Every structure is written in C-alpha cells, then in structure tokens.
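# Results of the structural survey
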Amino acid sequence: MKDVNELKVEVLLDIINSSAREAMEEYKKTGHGVPSVDSTTLHPLDVLTDTLALRKAIRLLEGACNQLTATLSPPQHTIYETVVNYSWACADVAVKARIADILDQYPEGLSVDVLADKVNLDKTKTLRVLRVLALKGCFKEVEQGVFANTRLSLILKSTSNPGCMVRVHSNFPKYAANLYDTMIDQEYARSYEVEKSPRLFSLRKEGIDRDYWDMDSETRQIFQRGMAGITEIMGTSSLLHHYPWDTVSSMADVGSGVGANSILLANMFPHLRITNQDLPGFEEQAQTAWEKDAPEALRDGRVEFVSFNFLEQSPVAGKDVYYLRHILHDWPDSESTTILRNIRKVMGPNSRVLVHDCMLFHPIEEPDLGAIEINKAPEPLLLNFGAGSNKQYQQDMTMWLVFNGKERTLNELKTIGAGAGLVATKAYDLAGTTAVEFRIAQD
C-alpha cells in the first residue's frame with residue numbers, strides 16, 4: 001500500500017499531466033498547434049490579449065512541477081538552484097548588446113566569433129553568456145559555437161516591450177543586495193515611507209540621492225515601454241475581456257502614464273469615454289501614443305488628458321469607473337488610502353473603483369473574505385499555487401526594493417478601501433494580476 005507522501009507525488013503527476021493538456025488545447029484552438037521551444041517565431045497565442053485559460057493552466061503546471069522537484073530533489077540541491085542563478089545578468093547582457101536583434105538577421109544561426117565582433121564583446125565571454133541562457137531555451141546552439149534565436153529570445157529584441165523590463169530591472173539586484181542591511185538599520189528597519197526604500201539606501205551609500213522618477217528622456221521611454229511590456233508579462237489585458245466594460249460609459253485611468261491600457265480599451269469599446277490622468281507633463285507623450293495607436297478615439301473626442309496629482313487632488317468627477325493599474329503597490333498604506341479617499345470624494349452613487357495589482361494569495365485560508373470568491377489550488381499544492389504565483393511574489397519584492405511599497409492580500413486591500421469609505425464587492429483573478437472592484441460603502 002502506498003504511503004501518504006507517495007500518494008501526494010502521484011496527485012502532483014496527475015496535475016502536471018492535466019494542466020499540460022489544458023495548455024496544449026489552448027494552443028491548438030488557434031489552429032496553429034502546440035509551439036516548439038526551438039521555434040524562431042512567436043506563436044499567435046503569444047500576442048493575444050486574452051490568454052486567461054492558458055495562464056490558469058500554466059499556474060497549476062508551474063506550481064505542481066516545482067513542488068514535485070522540491071519533494072524529490074535533495075534539499076541542498078534545491079537551495080543551491082534557488083540561490084545561484086545568474087540568468088538575469090546574462091539576459092541583461094543580451095538585451096544591452098542587442099544580440100537577439102542581430103541573430104534575427106540570421107535565422108539559420110551565426111557563429112559566436114562573428115556575433116561577438118558585431119557587438120564588440122569578448123568571444124569566449126559572449127559564448128558563456130549564451131550557453132547559460134540556452135539552458136532554458138533562450139537562444140539555441142544549432143551547432144558548435146553557432147547560435148540562433150528562439151521563441152524565448154525574441155522577447156529580448158529591442159523592439160519588444162517585455163524586453164524593456166530587463167532594462168528596467170537591471171539595477172534592482174544591487175538594491176536587493178542591501179535588503180538585510182535595511183532590515184536591521186535603525187532608520188530604515190521599521191519604516192514604510194517611500195524615502196526609506198532599499199533603493200535609496202543603496203544609492204545613499206554611494207553618495208547619491210535621486211528620485212526614481214527623475215529620468216532622462218531615453219530612460220523614461222524605456223520605462224514606459226517596460227510598463228507596456230509588464231501588461232503582456234502579467235496578462236493584465238485579460239481584464240479587457242473579463243470585466244463588463246460594455247456596461248460602462250465613462251472611465252478615468254488614474255495614474256495612466258501614456259495610457260497603454262486605456263488605448264486598448266478605446267479600440268475595443270468605441271462607446272467608452274476615457275479620461276487619462278497623470279502628473280503634469282504627461283500630455284505630450286500621451287498625445288503621441290494615442291495618435292499612433294488609437295487615432296480614431298482622438299479624432300472622435302473620446303479621450304481627454306487631464307493632469308493632476310492623485311495624492312493632493314481628486315480626479316475628474318462622476319466617472320463610472322476609476323481604474324488604477326499598478327498604482328497602489330507603489331505606495332504605503334497611508335498614501336494608498338489618501339489616493340482612494342480623493343477618488344471617493346468625486347464618485348457618483350453607482351461609480352466603481354477598480355484596483356488592478358498583483359494581489360497576493362495566502363498559502364493559508366484568509367478569514368473574513370465575505371462573499372468575494374478567491375481561486376484556490378487543489379491539494380497537495382499550496383492554496384496560493386506555490387511557484388505558480390512566483391511572479392506576484394517577485395513583483396512584491398520589486399515594489400519593496402524600489403519604492404518601499406508592496407503587493408497586498410485581499411484583506412489588506414479591503415482595509416485600505418474601508419479607510420476611504422469604500423467596500424470591496426468583487427475580485428477578478430487573472431492568473432497573474434487581480435482586479436478588485438470597490439463601491440461606496442453604505443452607512
């Protein structure tokens with residue numbers, strides 16, 4: 001008779017098998033079959049805005065695969081694999097040297113000798129970088145010392161918005177290296193102020209004190225493209241398909257940037273009137289982005305650009321939906337409550353606030369969730385899907401390192417909302433991000 005632990009392994013194998021088959025079916029529905037790791041082109045499903053079913057299958061697959069490996073591997077092996085991982089540094093080299101751009105011109109492959117000359121890097125060191133990345137299917141060594149692009153490495157091209165996130169993250173490991181020091185420093189340890197982030201701790205050790213948003217034009221463009229890229233990485237655009245936008249007449253995109261998400265909304269829902277709101281100075285870049293990607297909305301007057309400071313002012317009054325995508329996770333609880341309170345002041349009786357962040361699911365059941373349903377993983381997986389929720393927890397660390405901010409659980413979001421006179425009514429689990437809807441609390 002099998003013991004309990006062996007039965008758990010058998011269940012994990014079943015989850016891996018069933019979730020992999022679900023993912024395969026999603027690819028096959030496109031009519032293009034299952035992709036290959038060696039493919040030199042993107043699969044049509046890679047660029048669709050609604051991949052929720054695929055993402056839910058992958059969440060289960062990643063969680064089960066990781067838990068199975070952690071169960072059957074020696075613990076020292078697993079810890080070493082966790083700690084010693086320099087793939088991020090190799091990807092940074094590939095992006096900065098534009099290696100994927102060059103290989104795109106040589107679909108059959110290019111020798112590392114020629115490639116290294118083209119990017120003005122040492123040949124042996126370039127080879128070592130590429131072989132680290134090729135271990136996970138990012139680039140392929142088609143023959144000895146000859147490399148070609150793959151479906152994964154295409155994401156590192158300079159034309160790729162998700163690839164810009166590699167550039168955005170390039171300094172973050174330096175901040176992470178000081179994490180423990182900030183947790184024992186008398187001034188930083190128990191502070192949740194933006195000015196006490198590990199980023200600023202690291203920079204001040206070098207005699208630098210610079211606001212994160214103090215960027216030159218090139219850095220700002222990379223950041224804006226990276227924000228568009230994170231939409232693809234996290235599957236944020238699934239909200240376009242899984243929220244009842246057809247019942248919404250007007251929307252304020254609070255902290256919109258150029259409006260990467262609201263551009264998609266405008267193109268999908270031509271009845272929707274959109275107000276993009278951000279700090280003064282965003283209007284010119286936003287105008288350019290809309291002229292390029294949603295010219296009809298501009299021509300028809302369906303979008304307006306209104307500058308404001310959400311910590312000090314309220315947005316335009318009376319909108320059906322006030323949408324905050326990746327906003328509150330930048331800010332401590334007090335400032336987040338202030339942002340929501342400023343919105344509450346101008347809401348109509350039927351207005352909604354939609355907070356869209358990487359909400360954290362607990363591995364242990366949260367009490368007092370009320371009528372809001374949260375997806376849970378099947379046993380023996382952790383309730384929060386384990387490694388299937390890795391991106392959300394890594395994003396939480398990113399917010400901590402850069403802004404002293406955080407991703408929140410549903411109960412933490414409910415508490416912030418209550419402090420602004422709002423009540424959470426529904427959560428949309430998008431398998432990467434979660435959108436929580438708030439309405440005015442009834443006395």
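Right above here is the structure, for reference.
Quick summary incoming for the structure in this document.

## A closer look at the packing of helix α4 (residues 87–96) against helix α7 (residues 123–134)
Two elements in contact, α4 and α7, have axes separated by 9 Å at closest approach and are oriented at 120°. Compared by their axis directions, α4 and α7 come out oblique. For α4 against α7, the interelement crossing comes out left-handed. Between α4 and α7, the residues in contact are Ser87, Cys90, Ala91, Val93 and Ala94 and Val129, Val132 and Leu133, respectively. When the residues that make up the contact of α4 with α7 are grouped by side-chain class, the tally is seven nonpolar, one polar and no charged.

## Concerning the sheet that holds strand β3 (residues 146–148)
Pairing between sheet strands relies on hydrogen bonds along the backbone, with the strands arranged either parallel or antiparallel. In space, the three strands of this open sheet follow the order β1-β3-β2, with antiparallel pairing throughout. Both outer strands of the open sheet, β1 (110–111) and β2 (140–143), are each paired with one neighbouring strand and no more. Both β2 and β3 contribute to a ladder of three bridges, which runs antiparallel. By the bridge assignment for β3, Lys140 is matched with Ala148.

## Quick notes on the pairing of strand β8 (residues 352–357)
For β8, the tally of buried residues reaches six of six residues, placing the bulk of the element in the interior. Residues of β8 alternate between two faces, with Arg352, Leu354 and His356 on one and Val353, Val355 and Asp357 on the opposite face, all of them buried. For strand β7 (residues 321–325) and β8, the ladder comprises five bridges, and the chain directions are parallel. The residue of β8 that forms the bridge with Tyr322 is Val353. Crossover connection from β7 via helix α17 (residues 333–344) to parallel β8: handedness right-handed. Here β8 pairs with strand β10 (residues 434–440) via five bridges, running antiparallel. Paired with Val353 across the two strands is Phe438, which belongs to β10.

## Side note on the side chain of Gln277
Counting through the fold element by element, Gln277 comes out in strand β5 (residues 273–278). In this structure, Gln277 is in contact with Ala252, Asp253, Val254, Gly255, Ser256, Phe282, Val306, Phe308, Pro315 and Val316, ignoring residues within four places of it in sequence.

## A look at the sheet that holds strand β6 (residues 303–307)
If you walk across this open sheet you meet the seven strands as β6-β5-β4-β7-β8-β10-β9, and the pairing is mixed. Since the sheet does not close on itself, it has two edges, and those belong to β6 and β9 (422–429), each with one partner. Within this sheet the neighbouring strands show an average axis-to-axis angle of 20°, counted without direction. On top of the sheet, helix α19 (residues 410–419) reaches β8, β9 and β10; it is set at about 30° to β10, its chief contact.

## Re the packing of aromatic side chains
For the structure on display, the rule yields 14 aromatic pairs. Seen from their ring centres, Tyr188 and Phe201 are 5.0 Å apart, and the 85° between their planes marks the pair as edge-to-face. Of this pair, Tyr188 sits in the loop between α10 (179–184) and α11 (198–205) while Phe201 sits in helix α11; the two residues are 13 residues apart in sequence, bridging distant segments of the chain. Assessed through its relative accessible area of 7%, Tyr188 is described here as buried.

## Looking at the pattern of salt bridges
Applying the stated criterion across every chain yields a total of 19 salt bridges. Notably, a salt bridge pairs Arg59 with Asp429, separated by 3.0 Å at the nearest N-O pair. Here Asp429 lies in strand β9 and Arg59 lies in helix α2 (residues 52–72), a separation of 370 residues in the sequence. You'll find Arg59 and Asp429 in the same group, each marked buried. In this structure, Lys406 and Glu412 form a salt bridge, with 3.8 Å as the shortest nitrogen-oxygen distance. Assessed through its relative accessible area of 31%, Glu412 is described here as partly exposed.

The rules behind the values
- Residues numbered from 1 in each chain as written.
- Predicted model: local features only at pLDDT ≥ 70, side-chain atom pairs only at ≥ 80, totals over all residues.
- Heavy atoms only, no water.
- Axes fitted to C-alpha atoms, helices over the stretch in contact; angles between N-to-C directions.
- Helix = DSSP H or I, 4+ residues; strand = E, 2+ residues; numbered from the N terminus.
- Parallel < 35°, antiparallel > 145°, perpendicular 65-115°, else oblique.
- Left-handed = near helix turned anticlockwise from the far one by under 90°.
- Contact = heavy atoms within 4.5 Å.
- Nonpolar A, V, L, I, M, F, W, Y, C, P; charged D, E, K, R; others polar.
- Pairing = 2+ DSSP bridges.
- Buried < 20%, exposed > 50% of the residue type's maximum accessible area, 1.4 Å probe, protein only.
- Right-handed = clockwise from strand over helix to strand, strands pointing away.
- Phe/Tyr/Trp six-rings, centres within 6.5 Å; stacked < 30°, edge-to-face > 60°.
- Salt bridge = Lys/Arg side-chain N within 4 Å of Asp/Glu carboxyl O.

Remember that the coordinates give geometry; whether it matters functionally is a separate question.
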